[in-house]
Amino acid sequence: MYALLNSFGLSGLQGFGVAVEADVSSGMDGFTLVGLPDTAVRESADRIRAAARNLKYRWPSGRVTANLAPADARKTGPVYDLPLLLAVLAAAGQIPTPPRGAAFLGEVALDGSLRSVTGALPMALTAAEYLAFEKDMHVLVILTDITNYAEALREVSAAKKEVPGRRGYPGYLYTDLATMYERAGRQLGKPGSITMIPILTMPEDDKTHPIPDLTGYITEGQIILSRELYRKGVNPPIDVLPSLSRLKDKGIGEGKTRADHSNTMNQLFAAYARGKDAKELMTILGEAALSDIDLIYAKFADEFEKEYVSQGFQADRSIEETLEIGWKLLSILPRSELKRIDEKFLDQYYGKA
């Protein structure tokens, strides 16, 4: 019997797809592994045999042949333990053949438990590319924590005695991150896509630090979380002012969301920024020092955080509902202050939410 599974290999810092094949036939008992395996891969025969026994499966009698394709690419490390074990058991008819859309990698301990493997990140990105551009899927890739990755890169660079760049990080940090992030997107003529969300912890909450700075520069936007909003119970605690999207104008407006979307968004952003300034001034000079319009903007900022930003983690708010909330908040301000909104939209929506 025959079984085929998907896995991945590593060549330098790039991943590549590997087809793991297993065939069980009659003949003398034996296990043959082909496909340019290194020593660690060849030793997998003993690991997976013991793992199968300790997992209460029966190692198939007869001749077992396994192949790692493509045959001309060298396979390294114990990453193929899991796909080899599953392929052999599937070929022996002891488990169902795993779905072709799935991919497997992992080192297997003698008791059948799984261990971590090196190179999982580039192999995961290769898996995403396979699903997106070969299987026409829309794939979401979440990378966490990029700060740990960059710190490890700095330690390796220091150990190699390379000339350090800004704050001790290697000069090729930008290139390294760009090589990773720019694997997101689409291919011409193919319906699938890759959306990538790198998550990082800002060292000292400093967005000018090389890691968030380079990540924000390479990617198409950033969402920054605020400790202050979190302490105030705003969930999700998104800090609106430093967050941005470079592609927002391509996805909003008439025929996409609503004709007033762009005007409303810009006015809400401007009003919130002025409201935050008014609240800072209030903290320094006291409420009595603020003009009447500044007090209105300060109230707007509070309501914006409570009603617009804070929506919990279970809400399923539509764009239409969000815009209506926006107009409700803008109605707090005098109409004369809404200078970023076209008069026709003011006539249609102002004071009616």
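Rules of the game
- In this numbering scheme, every chain counts its residues from 1 along its sequence in written order.
- Under the rules for a predicted model, residues below a pLDDT of 70 receive no local features and side-chain atom pairs below 80 are neither given nor counted, while totals for whole chains, interfaces and linings still include all residues.
- To obtain the side-chain values, all non-hydrogen atoms of the structure were included, while hydrogens and water were left out.
- A run of H or I in DSSP becomes a helix once it reaches four residues, and a run of E becomes a strand once it reaches two; helices and strands are each numbered from the N terminus.
- Residue exposure (1.4 Å probe, protein chains only): buried if accessible area is under 20% of the type maximum, exposed if over 50%, otherwise partly exposed.
- Polar contact is defined as a pair of N or O atoms within 3.5 Å, subject to the rule that within protein one atom must be able to donate a hydrogen and the other to accept it, and that residues adjacent in sequence are counted only when both atoms are side-chain atoms.
- Contacts between residues were defined by any pair of non-hydrogen atoms, one from each residue, lying within 4.5 Å.
- A pair of strands is labelled paired if DSSP reports no fewer than 2 bridges between them.
- Throughout, nonpolar core names a set of buried Ala, Val, Leu, Ile, Met, Phe, Trp, Tyr and Cys residues whose side chains join them through atoms within 4.5 Å.
- Take a side-chain nitrogen of Lys or Arg and a carboxyl oxygen of Asp or Glu: if they are within 4 Å of each other, that pair is a salt bridge.
- Within 6.5 Å between ring centres, the rings of Phe, Tyr and Trp (the latter by its six-membered ring) count as paired, and their orientation is classed by plane angle as stacked under 30 degrees, edge-to-face over 60, tilted in between.
- Remark: a charge is flagged as sitting over a ring if the NZ atom of Lys or the CZ atom of Arg is within 6 Å of the ring centre and within 35 degrees of the ring normal.
- Only C-alpha atoms enter the line fits that serve as axes; for helices the fit covers just the stretch in contact. Angles between N-to-C directions range over 0 to 180 degrees.
- Working rule for angles: under 35 degrees goes down as roughly parallel, over 145 as roughly antiparallel, 65 to 115 as roughly perpendicular, anything else as oblique.
- For any helix crossing, the convention is left-handed if the near helix is rotated counterclockwise from the far helix by under a right angle, and right-handed if that rotation is clockwise.
- Under this grouping Gly is polar, as are all residues other than the nonpolar Ala, Val, Leu, Ile, Met, Phe, Trp, Tyr, Cys and Pro and the charged Asp, Glu, Lys and Arg.

J.: Just give me the short version of the side chain of Ser7, but keep the residues and values in it.
T.: Within the fold, Ser7 resides in strand E1 (residues 2–11). The class of Ser7 is buried, set by a relative accessible area of 1%. Looking at Ser7, its side chain comes within polar contact range of the main-chain oxygen of Phe104, at 2.6 Å. Setting aside its immediate chain neighbours within four residues, Ser7 contacts Phe16, Gly17, Val18, Val20, Tyr80, Pro83, Phe104 and Leu105.

J.: Summarise helix H6 (residues 173–181); cite the residues concerned and give the values.
T.: Within H6, burial applies to Leu173, Asp176, Leu177, Ala178, Met180 and Tyr181. The inward-facing, buried residues of H6 contact helix H4 (120–133), strand E7 (138–144), helix H5 (146–159), strand E9 (193–199) and helix H7 (210–218).

J.: Outline the pairing of E1, supporting the account with residue identities and numerical values.
T.: Counting buried residues along E1, seven of its 10 residues qualify, which places the element largely inside the surrounding structure. Relative to strand E2 (residues 14–25), E1 runs antiparallel, the two being bridged by 10 bridges. Each bridged residue has a counterpart across the sheet, and for Leu5 the counterpart in E2 is Val20.

J.: I'd like to hear about the nonpolar core, residue by residue, with values.
T.: The biggest cluster of nonpolar side chains holds 37 residues, and the ones touching the most others in it are Phe31, Leu68 and Leu84. Mapped by element, the contributors of at least two residues to this core are E1, E2, strand E3 (30–34), helix H2 (44–54), strand E4 (63–69), helix H3 (81–91) and H4. Ranked by the residues each element gives to this core, the list is headed by H3, at nine residues. In this structure, Phe31 is in contact with Ala45, Ile48, Arg49, Trp59, Val64, Ala66 and Val88, ignoring residues within four places of it in sequence. Counting 22 residues, the second largest nonpolar core, distinct from the first, contains Phe133, Leu173, Ala178 and Tyr181.

J.: Explain the pattern of salt bridges to me, and be specific about the residues and the numbers.
T.: Counted under the stated rule, the structure contains 21 salt bridges. Where Asp213 meets Arg166, a salt bridge forms, and the shortest distance between an N and an O atom there is 3.1 Å. On the criterion of sequence distance, the pair formed by Asp213 in helix H7 and Arg166 in the loop between H5 and H6 is long-range, its members being 47 residues apart. Each of Arg258, Asp260, Glu320 and Glu324 takes part in salt bridges that share partners, so that together they form one network.

J.: Tell me about the packing of aromatic side chains, and please be specific about residues and values.
T.: Counted by the stated rule, this structure contains six aromatic pairs. Where Tyr174 meets Tyr217, the ring centres are 6.2 Å apart and the plane angle is 50°; that geometry is what we call tilted. Of this pair, Tyr174 sits in helix H6 while Tyr217 sits in helix H7; the two residues are 43 residues apart in sequence, bridging distant segments of the chain. For Tyr174, a relative accessible area of 34% puts it in the partly exposed group. Taking the ring centre of Tyr169 as reference, the NZ or CZ of Arg154 above it sits at 4.4 Å.

J.: Give me the lowdown on the sheet that holds E4, citing residues and values where you can.
T.: Read from one edge to the other, the open sheet built from four strands follows the order E1-E2-E4-E3, with strand pairing classed as mixed. At either end of the open sheet lies a strand with only one pairing partner, and these are E1 and E3. Within this sheet the neighbouring strands show an average axis-to-axis angle of 20°, counted without direction. Taken together, the five bridges between E3 and E4 define a ladder with parallel strand orientation. Looking at the pairing, Gly30 lines up with Arg63 of E4.

J.: Quick one: what's the story with the packing of helix H9 (residues 261–285) against helix H11 (residues 319–330), residue by residue and with numbers?
T.: To characterise two packed helices, one gives the angle between the axes of the helices and the distance between these axes. Contact pair H9 / H11: the axes reach a minimum separation of 10 Å and the direction vectors enclose 50°. In terms of orientation, H9 lies oblique with respect to H11. Between H9 and H11 lies a crossing of left-handed hand. Residues His261, Thr264, Gln267 and Leu268 of H9 lie in contact with H11, whose contacting residues are Ile319, Leu323, Gly326, Trp327 and Leu330. Its residues assigned to classes, the contact of H9 with H11 comprises five nonpolar, four polar and no charged.

J.: Outline the sheet that holds strand E8 (residues 185–186), listing residues and values.
T.: Two strands in a sheet stick together by hydrogen bonds in their backbones, pointing the same way (parallel) or opposite ways (antiparallel). On the basis of which strands lie adjacent, the open sheet formed by three strands has the order E7-E9-E8 and mixed pairing. The sheet is open, and its two borders are formed by E7 and E8, each paired with just one other strand.

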